[in-house]
Amino acid sequence: MATYLQWRRFVFFDKELVKEPQGNDGAAPGAAPASGPAASKFLCLPPGITVCDSGRGSLVFGDMEGQIWFLPRSLQLTGFQAYKLRVTHLYQLKQHNILASVGEDEEGINPLICPQVKIWNLEKRDGGNPLCTRIFPAIPGTEPTVVSCLTVHENLNFMAIGFTDGSVTLNKGDITRDRHSKTQILHKGSYPVTGLAFRQAGKTTHLFVVTTENVQSYIVSGKDYPRVELDTHGCGLRCSALSDPSQDLQFIVAGDECVYLYQPDERGPCFAFEGHKLIAHWFRGYLVIVSRDRKVSPKSEFTSRDSQSSDKQILNIYDLCNKFIAYSAVFEDVVDVLAEWGSLYVLTRDGRVHALQEKDTQTKLEMLFKKNLFEMAINLAKSQHLDSDGLAQIFMQYGDHLYSKGNHDGAVQQYIRTIGKLEPSYVIRKFLDAQRIHNLTAYLQTLHRQSLANADHTTLLLNCYTKLKDSSKLEEFIKTKSESEVHFDVETAIKVLRQAGYYSHALYLAENHAHHEWYLKIQLEDIKNYQEALRYIGKLPFEQAESNMKRYGKILMHHIPEQTTQLLKGLCTDYRPSLEGRGDREAPGCRANSEEFIPIFANNPRELKAFLEHMSEVQPDSPQGIYDTLLELRLQNWAHEEDPQVKEKLHAEAISLLKSGRFCDVFDKALVLCQMHDFQDGVLYLYEQGKLFQQIMHYHMQHEQYRQVVAVCERHGEQETSLWEQALSYFARKEEDCKEYVAAVLKHIESKNLMPPLLVVQTLAHNSTATLSVIRDYLVQKLQKQSQQIAQDELRVRRYREETTRIRQEIQELKASPKIFQKTKCSICNSALELPSVHFLCGHSFHQHCFESYSESDADCPTCLPENRKVMDMIRAQEQKRDLHDQFQHQLKCSNDSFSVIADYFGRGVFNKLTLLTDPPTARLTASLEAGLQRDLLMHARRGT
């Protein structure tokens with residue numbers, strides 16, 4: 001049985017007669033008149049059509065009258081007289097607006113020798129007709145023959161003509177010009193040539209030649225034109241075609257028994273399509289064949305066309321890829337089949353044109369869906385290059401169909417093909433039944449392999465594995481080779497496996513994918529393997545090891561304190577992961593903040609002490625919290641120790657730690673710790689280091705340690721003089737006999753002049769045991785010193801008054817009396833003065849030119865200016881210091897002679913009356929005059945000295 005009988009038939013094309021355009025008053029020129037009102041609606045071609053072709057937006061016809069007709073998409077038929085007799089062959093190029101034709105111009109004694117080849121440029125015009133760029137005879141020699149077929153290469157460099165005598169001529173070069181073209185005989189044979197076709201593969205050009213008895217190919221792009229014999233079966237006229245790239249540009253030969261496909265060097269597949277083939281054509285992936293059942297020898301094609309009967313002819317459109325017949329119809333007397341404007345056009349002998357319009361892809365798919373031909377629909381969609389969304393929709397419908405039929409295995413395979421387009425929940429809901437869990441597992445596995453699964457899908461898949469108890473599949477799923485091959489959420493998988501009790505699998509995932517927290521949780525909370533958890537932490541990088549020790553350190557310290565302490569020591573000093581021999585052990589290690597791990601030792605004081613002492617010895621620059629905690633721990637041990645020897649040792653350790661200098665910045669904290677544990681030696685040491693001499697004094701006073709009180713005053717009295725005053729007040733309040741200590745205190749007070757005598761007397765008046773003899777020497781010495789000071793002050797005052805009187809007299813003379821300038825030499829150059837000269841009241845005189853050269857201003861004496869400038873700077877400095885009240889208070893408090901400090905500030909004008917805006921003008925004027933007078937006095941005083 002023929003192959004095509006086993007192929008399914010569909011109606012994927014719509015058939016209709018082409019109608020005339022609106023406004024066309026009549027039929028084509030020369031056409032038979034229409035019969036009946038309905039006949040005028042359909043397009044009718046001119047009679048006598050002998051040859052057809054299509055391309056460049058038009059259908060092209062040639063007739064027996066030598067005319068060439070063009071039918072564009074507007075269906076306005078136009079033509080021109082190309083030959084005087086008839087047109088026998090046409091070839092319209094698809095990429096160029098060039099038309100090649102063969103016809104007869106004159107009829108001689110032997111009409112077989114007169115066919116002419118004409119090349120027409122359809123873009124150019126010559127008197128309204130297309131421009132004929134070249135004319136040459138079709139037959140190269142003088143032997144009579146008939147042109148059987150014609151083909152032209154799209155690059156316009158090759159044209160081949162086949163003849164009934166079995167020869168083929170090749171025109172090589174620019175076929176539109178005579179000069180650049182060369183004609184030669186390529187092939188000679190005994191059988192008529194029925195088909196020619198060029199095939200371009202890269203830079204190689206092949207020419208297929210088919211006769212009634214064989215098929216051959218030539219390489220025409222090189223030299224010598226090598227030939228390959230492809231087959232010993234031929235075909236009739238118009239029964240060969242060249243496929244498109246979807247069939248790899250194969251040459252199609254439609255014989256009566258089979259249809260053969262050929263490559264340039266070998267024969268390809270064949271299809272058993274029986275029937276006498278009349279026309280073979282390739283259209284958009286389809287093979288179009290017109291045939292009739294009555295078998296006629298191919299040689300009869302060249303005897304007489306009139307001998308052909310008007311039997312019904314069958315047009316079949318085959319889809320060779322998907323193996324079905326897309327359309328089949330019966331026509332009467334088909335002239336030719338043309339393809340243009342995306343449709344097929346069938347020309348019949350009655351001049352009618354039938355259009356075959358392919359249905360859209362969606363319509364074709366719906367037709368297949370109605371017949372449940374899903375596999376064929378899928379193949380069709382792929383061949384039509386349907387997008388992935390469209391394919392997914394087909395897969396889903398196919399899966400639904402199989403699911404409804406109970407074929408769950410087949411359904412899940414179709415649903416798998418929808419992954420990435422169809423929502424997974426749509427499929428998952430269908431297979432949640434326990435009996436279909438293996439189908440659900442297959443779908444979820446594919447979902448994970450394509451990295452489209454979320455955490456819920458991972459949970460569901462792992463639950464499927466655990467329900468099926470399929471450990472091998474579970475291990476295969478989780479034990480991937482690398483991180484890039486993981487198609488699931490690892491953390492979700494660990495959670496599910498942990499809940500299901502698959503601890504070893506969960507540990508494998510956690511360790512291999514660096515989920516350290518989950519690994520440690522399982523080891524510590526589920527398996528209770530503390531040693532392994534600690535070993536795992538020791539292998540981690542520094543940051544992970546640090547964070548996990550902070551999180552799980554208390555648990556580890558509770559169960560394995562010694563090993564945990566050892567790891568913490570390494571982590572806080574020089575940490576290097578234990579990589580079992582791998583890694584660079586010479587590289588510098590990292591260290592954590594040891595203070596942050598102290599809370600881990602909350603219930604392990606022995607390990608805490610070992611850790612703190614290790615850190616203080618190995619790492620002296622440890623955080624302050626280490627030393628604070630170590631001090632507190634040592635003070636606790638000292639306070640609770642009952643053995644005197646051990647207690648003394650702990651006392652020495654605590655004092656040594658305090659003296660290490662680590663508590664300068666946290667003095668208060670160390671002091672509080674010592675006071676909490678009643679560590680008196682530490683308290684006194686810290687008081688002294690913090691210069692809290694008052695507290696040291698009070699401590700000895702509370703314990704009535706008189707000698708230590710005096711000793712404290714002697715050691716620290718220079719830094720804080722009020723200690724002596726406090727000591728005197730302390731001894732004055734004591735009713736015991738403290739004369740020795742009072743005398744020592746008074747001696748120091750008198751030598752340093754720390755207290756006024758009256759205040760000393762008042763302080764000692766509160767002591768009933770203190771007699772006048774205790775302070776007699778002190779008072780006598782004090783009165784003698786004050787008498788000497790009074791005498792010195794009176795002498796100084798007398799001298800200042802005399803100097804002031806002298807300066808005022810000098811100022812008055814300058815203001816009231818004339819000044820006589822008697823200098824005879826210039827104060828700059830020491831030369832004799834000559835007019836013009838410049839004189840100043842200070843007594844200096846200058847040449848005018850010397851003055852102008854050296855003076856900085858016209859109003860100042862160059863000689864006195866430096867000294868006057870110093871005086872003015874002193875005055876300004878004094879004025880700037882008039883508001884330094886804090887400094888005044890400090891000097892007054894610290895000075896031994898307060899009166900001299902006050903006198904100094906009086907001299908600076910600190911206590912002068914301020915000039916306010918509310919004062920009358922006279923007051924402001926008086927104040928300014930006094931200030932000016934003070935400046936003059938100071939300047940003259942400086943000059944006099």
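Refer to the structure above for everything that follows.
Please read all numbers here as calculations on a predicted model, not as lab measurements.

(A) Representation of the environment of Leu 567 within the structure. Tracing the chain through its elements places Leu 567 in helix 15 (residues 561-573). Relative accessible area serves as the criterion here: at 16%, Leu 567 is assigned to the buried category. Here the alpha-carbon distance between Leu 567 and Leu 534, two residues 33 residues apart in the chain, equals 8.3 Å.

(B) Quick look at the sheet that holds strand 19 (residues 240-242). Pairing within the open sheet is antiparallel, and its four strands lie in the order 19-20-21-22. The sheet terminates laterally at strand 19 and strand 22 (266-271), the two strands that pair on one side only. If you compare each strand with its neighbour and ignore which way they point, the axes differ by 25 degrees on average. Here four bridges tie strand 21 (residues 259-263) to strand 22, and the two strands are oriented antiparallel to one another. Looking across to strand 22, one finds that Val 259 is bridged to Phe 271.

(C) Structural view of a nonpolar patch on the surface. A cluster of nonpolar side chains, namely Leu 814, Phe 821 and Leu 841, defines an oily patch on the protein surface of about 270 Å² accessible area. Note that Leu 841 resides in the loop between strand 30 (837-839) and strand 31 (845-847). A relative accessible area of 54% places Leu 841 in the exposed class.

(D) Summary view of the side chain of Thr 145. By secondary structure assignment, the location of Thr 145 is in the loop between strand 10 (129-137) and strand 11 (147-152). Reaching out from Thr 145, the side chain makes a polar contact with the side chain of Thr 164 at a distance of 3.4 Å.

(E) Up close: the side chain of Asn 548. Tracing the backbone through its elements, the reader meets Asn 548 in helix 14 (residues 542-559). There is a polar contact of 2.7 Å between the side chain of Asn 548 and the backbone oxygen of Gln 544. Apart from the residues lying within four places of it in its own chain, the contact partners of Asn 548 are His 516, Glu 517, Leu 520, Ile 537, Leu 540 and Gly 553.

(F) Expanded view of the nonpolar core. Leu 315, Ile 317, Tyr 443 and Leu 658 are the most contacted members of the largest nonpolar core, which has 127 residues in total. Contacts of Leu 315, omitting those with residues within four sequence positions, involve Val 288, Ile 289, Val 290, Tyr 327, Ser 328, Ala 329, Phe 331, Val 337, Val 346 and Leu 356. Core analysis: the second largest hydrophobic core is formed by 26 residues, Trp 7, Val 210, Phe 273 and Leu 287 among them.

(G) Region of interest: the packing of aromatic side chains. Taken as a whole and judged by the stated rule, the model has 28 aromatic pairs. Consider the rings of Phe 10 and Phe 12, whose centres lie 5.0 Å apart with planes at 5 degrees: the pair is stacked. According to the relative accessible area criterion, Phe 12 is buried, its value standing at 0%. Measuring from centroid to centroid gives 5.8 Å for Phe 271 and Phe 273, while their planes differ by 15 degrees, and the two rings are stacked. Take Phe 271 and Phe 273: they sit in the same class, and that class is buried. Ring-pair connections join several aromatic residues into one group, and the members of that group are Trp 7, Phe 271, Phe 273 and Tyr 318. Note that Lys 94 overlies the ring of Tyr 91, its terminal NZ or CZ placed 5.6 Å from the centroid.

(H) Structural detail: the sheet that holds strand 29 (residues 353-358). With respect to topology, four strands assemble into an open sheet ordered 2-29-28-27, the strand pairing being antiparallel. On the outer flanks of this sheet lie strand 2 (13-17) and strand 27 (334-340), each paired with one strand and no other. When the angles between neighbouring strand axes are averaged without regard to direction, this sheet yields 20 degrees. Inspection of the sheet shows strand 27 paired to strand 28 (residues 343-348) by six bridges, in the antiparallel sense. From the neighbouring strand, Ala 339 faces strand 28, where its bridge partner is Leu 344.

(I) Region of the structure containing helix 13 (residues 530-539). Considered for burial, the residues of helix 13 that qualify are Tyr 530, Ala 533, Leu 534, Tyr 536, Ile 537 and Gly 538. Looking at the buried side of helix 13, the elements it contacts are helix 11 (503-512), helix 12 (516-527), helix 14 and helix 15. Measuring from the backbone nitrogen of Glu 532 back to the side-chain oxygen at the start of helix 13 gives 3.1 Å, which picks out Asn 529 as the cap.

What counts, and at which threshold
- Residues numbered from 1 in each chain as written.
- Predicted model: local features only at pLDDT ≥ 70, side-chain atom pairs only at ≥ 80, totals over all residues.
- Heavy atoms only, no water.
- Helix = DSSP H or I, 4+ residues; strand = E, 2+ residues; numbered from the N terminus.
- Buried < 20%, exposed > 50% of the residue type's maximum accessible area, 1.4 Å probe, protein only.
- Pairing = 2+ DSSP bridges.
- Axes fitted to C-alpha atoms, helices over the stretch in contact; angles between N-to-C directions.
- Patch = residues over 30% accessible without salt bridge, like charges linked within 9 Å, V, L, I, M, F, W, Y side chains within 5 Å.
- Areas by Shrake-Rupley, 256 points an atom, 1.4 Å probe, with all protein chains shown as cover.
- Salt bridge = Lys/Arg side-chain N within 4 Å of Asp/Glu carboxyl O.
- Polar contact = N/O pair within 3.5 Å; in protein donor to acceptor, adjacent residues only side chain to side chain.
- Contact = heavy atoms within 4.5 Å.
- Core = buried A, V, L, I, M, F, W, Y, C linked by side-chain atoms within 4.5 Å.
- Phe/Tyr/Trp six-rings, centres within 6.5 Å; stacked < 30°, edge-to-face > 60°.
- Lys NZ or Arg CZ within 6 Å of the ring centre and 35° of its normal.

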